[in-house]
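# Chains, contacts and geometry: an overview
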Amino acid sequence: MKDPLAPFEPSTRDPFDLAKVGHLLRRAGFSASLRTRRELAAAGLDAAMRWVLPARDRADPAADLLQEAIAFGDVGRVRAFRVWSALQGEEPLRDRLSYFWHGHFATSNRKVADARAMALQMATFDRCGSGSFDELAQAMCRDPALLRWLDNDVNTKAQPNENFARELFELFLLGRGNYTEADVRQAARCFTGWHVRDGQFQFHAHLHDAGDKQLFSASGALDGGQVVELAVARRESAEFLAAKWLRFFVQPEPEPASIDALAGVYERAGRNVGATIETLLRSRLFFAASSQRSKVKSPADFVIGTVRSLGARAAPTELASTMAALGETWLEPPSVEGWHGERAWLSPASWLLRSNFVADLLAHRRGKLRPAPHSLFDGLEKPAERARAAALLLLDGVVGAGALAALADVARAHEGDDPAAAAAVLHAAASLPEYQLS
Amino acid sequence: MGLPDSSRRPPALPLLPAFWLALTGSAAVAQADLVALRGMMPDEVVLAMEVEQPGEALRSLDAAAGAMPASLPAALQAQIALGVTALAVALGGTPAAFADRIAGKGAVVGLAPAPRGEGWLVAAVPGDLAAARAWCERHADRVHCAAAGDVLLLAPTAARLEALRTQAEAQGRGSPGRWAGVDFGVRPSGAGVALVRGVCDLVSLRRLLGAKAPDLERLDGPARFVLSPFVHALAAGDWLQFGVAAGEQIVVEARADASVRAAPFGGLLAHGAHAAPPPIDTGLAYASLDRSFRSLLRDPGRFLPATDVLAVQGFLSIADALDGAQSSFVDDLLGGLDEPAALYVLPAAAGDGDGPPLVLPGIAIAARIADAAVERILFRFAQVLSTIVNAERAQKGLRPFLMRRRHDETGDGLVAEPRPWRGPGRPPIDSGLSPTLWCGQGWAVLSTTEDAAVRVLAHLAQAGPAGAPARGDVLALHGPAIAAALTQNRAALQLARMLDEGETAAAAERFFDAAIAVAAGLHAVVVRAEIGEADTTLQLTVEVVR
């Protein structure tokens, strides 16, 4: 492929079909109902992109609700609200990018112990996550949760603490090997006095090292904001972020040429995240067969995606606790590196938990599932019809002959109009290896 | 002479005119002899209800229920209106007009065990013979009808109708069924006309339910404490009489011919020296149970399942130690208070500015002081408890309560004040709490807020001398106050519904629009229970806002 990011152009040979729509909605959101997928497949690629992209200049409809969730001071409430937001799915790519940034600027409430700060951090991702990365990075360096998580609220001139500066370079802006220990020490000095008081960012000038520093190619009385400006402008930052986006949106092991191409797009777009991701999502690379079903679904993808694929509603509090049991507790990543993902999500135990979750969901043991699953099979009586319907609902119809035959066998063994018969076939589809992949 | 049979479907139609001729050939139909209609019920009927004037009953209920609240969401009003219209079309008129036609001069309805809702039986004297005829013909596929003199017999299946007809014939020959001799005694008090009266054969019902029959042994500890009189009445009684009346209020009353008073669980009744603290008009809710918490804790093994006994013993081991072994929780603290106590739920006091996301109502428990020495024990207890609570809050990084002693003309109080909130954001929920113990004028009040304690004590001080000992339970709910509390907390409750049920924001909003409208339309819902020497009575009163 000469240009890895050349745009995908639907044709009769390679149409924008249900499989591609499903792939787009899983990667750029948390999936969607079969009805929505069919409508978007019929409407075309541009319409589908408009559906997933965040609307510009639109006030967040859930802003008041977020304030209510914050007001309880309970991180469980905030977590459930984030799940609710992803389930409602009015801005799929915005939610998806917030999810990405949550794993990127990984901050855990276990140490922060401030539900309000965590909620406001997520709100920052919602607000800035698909715009200018410069703006996002500047906001994160003043984020109370992040500062407290990485001990910068005790970083003073008299006793500098390098933790924040080190993770900023290694994990957030540049990546390993793209900075030196001297850079870390200088950056730590720049961030002295950048503290948190009463849950808000506060600059304590008397604790700040206002002396001259040397960082990268710049020198002078640099402060934290200037550290960010210098770091994000470096080519290494673009390549570091491009690699992460490719791993998150496309393939677990991207080609160097793809990374280089996406970094170039990012820089030409003025470091605008939304524009960069849109180019990526429109590319032939994204829609290539090698990219589809190439990533292991995270617990969030599996849990939220299953409910959305069924076109149903379920209790966010229940779904959040299931995600936690599967190893992904939102607002409490295991470390500053976030969740490692991919194969780490799968084990014999987690496979069983996933299967049990779907069984419980279909039997209304995880809160009421509406509409009821058996209504999805209305008018379909033959086992082969039900097997195809289950494959369409959960797998966009892309399933091997052997797997389809197995689903038909299950349908044959559970004939009848009762909810249990429908649940059996859907459960079997959700237990297929293919379904564990996005 | 055999009765004409109209239960068969067409082509048995030629017989129908004969049936109707038999009916119309009789003299002008008199008001039903309800005892005779009862006597037509087969013995397998488990529950029988009689209605003297079904049409009037429905009209009275409709008038008592009042109009649909105007504040109900428009979409819901439209749905209800559509349902009412559909029902009217199915019945060929309003339910009251239908009842007038089919059973205008009286009816008895029986329920017998049967699958799929096929257990109902009706013996009625129609108000409009021609209309009853037409209706039976139109619905011959779902309702089987036959005549017994002036009486129209209805049943869901031919077999059921046959059983009803056989008994009706026996009644006609002077051998009425057992239901003719049953006492349909209850006429609900405090309302207008008794609309419906009925009796349930508890012995037969228990036999039918088998292992699912009411049984105190299957309840957990808290359920036993609250429900033992009622479960015992259903488990030991022979008959349950009930009635519905409507005037300014709708009243439903039920009486079982058994009382827990003579049974082992009768030891849970309070046997207090005085009546319960009286209810307050301005609250959301009031409750008083004629139970003795003291008796329960003194002898938990007598009343509770084994696991709950362990829990009680664990609780008492801590409670007894809280006063540093100076007193016993049960004998000295509870023993110094009269029973029963009363629970009050009061609207939260209005706050300044942006309050917590959930404004909790004030909840207070009040009891008469039987021994003045209990005041010191109560205050010591409260101080130790508040110290423990503050230590736990400090461990969790929460702000402690500030303890303040108060004194005024009403008595002495110990108030746990929250520290003023300085932000950021809205204050937490517990900033609306100020747990308070207040003793004065012969009363002890423990509440979640100082405001609630002061208001309850002021009310009790004005209440006058204590009345006769209580012999029952009271639960009262005041709809407009509940509606105001729901409105005050609407945003938080809507969010809870979204997160716990998965509803959209719009659906959650519609739910609370409806809930608030319904609550605002109910002036009061009161449940009273009286536990007599040999019977147990439960009365539900509903009064709407006019």
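Here, the structure is the one placed above.
The numbering scheme is per chain: residues are counted from 1 as the chain's sequence reads. Key to labels: chains lettered from A, ligands numbered from 1, both in the order written. Local features are withheld for residues below a pLDDT of 70 in this predicted model, meaning they are given only at 70 or higher, and side-chain atom pairs are given and counted only at 80 or more; totals for whole chains, interfaces and linings count all residues. Hydrogens are left out, water is left out, and the side-chain values use all remaining heavy atoms of the structure.

## Here we look at the pairing of strand β10 (residues 342-346) of chain B
Residue and element names in this part refer to chain B. Exposure classes here rest on a 1.4 Å probe applied to the protein chains alone. A residue is buried below 20% of its type maximum, exposed above 50%, and partly exposed in between. Secondary structure follows DSSP: runs of H or I at least 4 residues long count as helices, runs of E at least 2 residues long count as strands, and numbering of each begins at the N terminus. Across the five residues of β10, four count as buried, placing the element largely inside the fold. As paired strands, strand β9 (residues 285-288) and β10 are joined by three bridges and run antiparallel to one another. Residue Ala287 lies in a different strand from β10, and its bridge partner there is Leu343. One requirement defines pairing of two strands: DSSP has to find at least two bridges between them. Both β10 and strand β11 (residues 362-368) contribute to a ladder of five bridges, which runs antiparallel. When the bridges of β11 are listed, Leu346 appears paired with Gly362.

## Considerations on the state of the cysteines
All names here are of chain B. The definition used for a disulfide is geometric: two cysteine sulfur atoms within 2.5 Å. Under the defined criterion, the tally for this structure stands at one disulfide over all chains. With its sulfur 2.4 Å from that of its partner, Cys136 forms a disulfide with Cys145. Sign of the S-S torsion, about -90 degrees for the bond between Cys136 and Cys145, identifies this disulfide as left-handed. For Cys136, a relative accessible area of 8% translates into the label buried.

## Focus on the packing of helix α11 (residues 163-173) of chain A against helix α14 (residues 235-249) of chain A
Between two packed helices, both the angle of their axes relative to each other and the distance between the axes serve to describe the pair. All names here are of chain A. Each axis is a line fitted through C-alpha atoms, and for a helix only the stretch in contact is used; angles between axes span 0 to 180 degrees, taken between their N-to-C directions. As a packed pair, α11 and α14 sit with axes 9 Å apart at the nearest point and diverge in direction by 55 degrees. It follows that α11 is oblique to α14 by the angle criterion. On α14, the residues that touch Glu170, Leu171, Phe172 and Leu173 of α11 are Ser237, Phe240, Leu241 and Lys244. Polar here means any residue outside two lists: the nonpolar Ala, Val, Leu, Ile, Met, Phe, Trp, Tyr, Cys and Pro, and the charged Asp, Glu, Lys and Arg; Gly therefore counts as polar. Looking at the contact of α11 with α14, its residues break down into five nonpolar, one polar and two charged. The cut-offs work like this: below 35 degrees is roughly parallel, past 145 is roughly antiparallel, 65 to 115 is roughly perpendicular, and the gaps in between are oblique. Whether two residues are in contact is decided by their heavy atoms, any of which lying within 4.5 Å being enough.

## What to know about the interface of chain B and chain A
With 19 residues of chain B at the contact, the number on the chain A side is 20 residues. Buried area: the sum, over both parts, of the accessible surface (1.4 Å probe) that disappears when the two are put together. In this assembly, chain B packs against chain A so that about 1800 Å² is buried in total across both faces, 61% of it on carbon and sulfur atoms. The largest per-residue losses of area from chain B upon contact with chain A belong to Pro424, Leu495 and Leu499 of chain B, which jointly make up 34% of the total buried on that side. What makes a salt bridge here is a side-chain nitrogen of Lys or Arg within 4 Å of a carboxyl oxygen of Asp or Glu, nothing more. Linking chain B with chain A are one salt bridge. In this structure, Arg77 of chain A and Asp500 of chain B form a salt bridge, with 3.8 Å as the shortest nitrogen-oxygen distance.

## Description of the packing of aromatic side chains
Planes of paired rings set the category: under 30 degrees apart is stacked, over 60 is edge-to-face and the rest tilted, where pairs are Phe, Tyr or Trp rings (Trp by its six-membered ring) whose centres lie within 6.5 Å. Scanning all chains against the criterion turns up 34 aromatic pairs over all chains. Centre to centre, the rings of Phe169 of chain A and Tyr179 of chain A are 5.8 Å apart; their planes meet at 45 degrees, and the pair counts as tilted. With Phe169 of chain A in helix α11 and Tyr179 of chain A in the loop between α11 and α12 (181-190), the pair connects residues that are ten residues apart, well separated along the chain. Judged by relative accessible area, Phe169 of chain A falls into the buried class, the value being 0%. It is Arg96 of chain A that lies over the ring of Phe30 of chain A; its NZ or CZ is 4.8 Å from the centre. A ring is considered to have a charge above it if a Lys NZ or an Arg CZ atom is located within 6 Å of its centre and within 35 degrees of its normal. We note Arg38 of chain B situated over the ring of Phe184 of chain B; from NZ or CZ to the ring centre the distance is 4.1 Å.

## Quick look at unusual backbone geometry
Here the residue pair Glu339 of chain B and Pro340 of chain B is connected by a cis peptide bond, since its omega of 0 degrees sits within 30 degrees of zero. Within the secondary structure, Pro340 of chain B is located in the loop between α13 (329-333) and β10. Of note, Asp151 of chain A is a non-glycine position whose phi angle comes to about 65 degrees, a positive value. Residue placement: Asp151 of chain A occurs in the loop between α10 (144-149) and α11. At Asp396 of chain A, a position not held by glycine, the phi torsion is positive, near 55 degrees. Here Asp396 of chain A is to be found in the loop between α21 (383-395) and α22 (401-413).

## A few points about the nonpolar core
Put simply, a nonpolar core is a bunch of buried Ala, Val, Leu, Ile, Met, Phe, Trp, Tyr and Cys residues held in one set by side-chain atoms that sit within 4.5 Å of each other. Trp101, Phe133, Phe169, Trp245, Phe249 and Trp330 of chain A are the most contacted members of the largest nonpolar core, which has 148 residues in total. Ranked by residue count, the leading element in this core is α14 of chain A, at nine residues. Residue contacts for Trp101 of chain A: discarding those within four places in its chain leaves Phe125, Gly129, Phe133, Leu136, Leu241, Trp245 and Val273 of chain A. Grouped together as the second largest cluster of nonpolar side chains are 35 residues, Phe265, Leu304, Leu337 and Leu414 of chain B included.

Bear in mind that shape data such as this cannot, by itself, settle questions of function.
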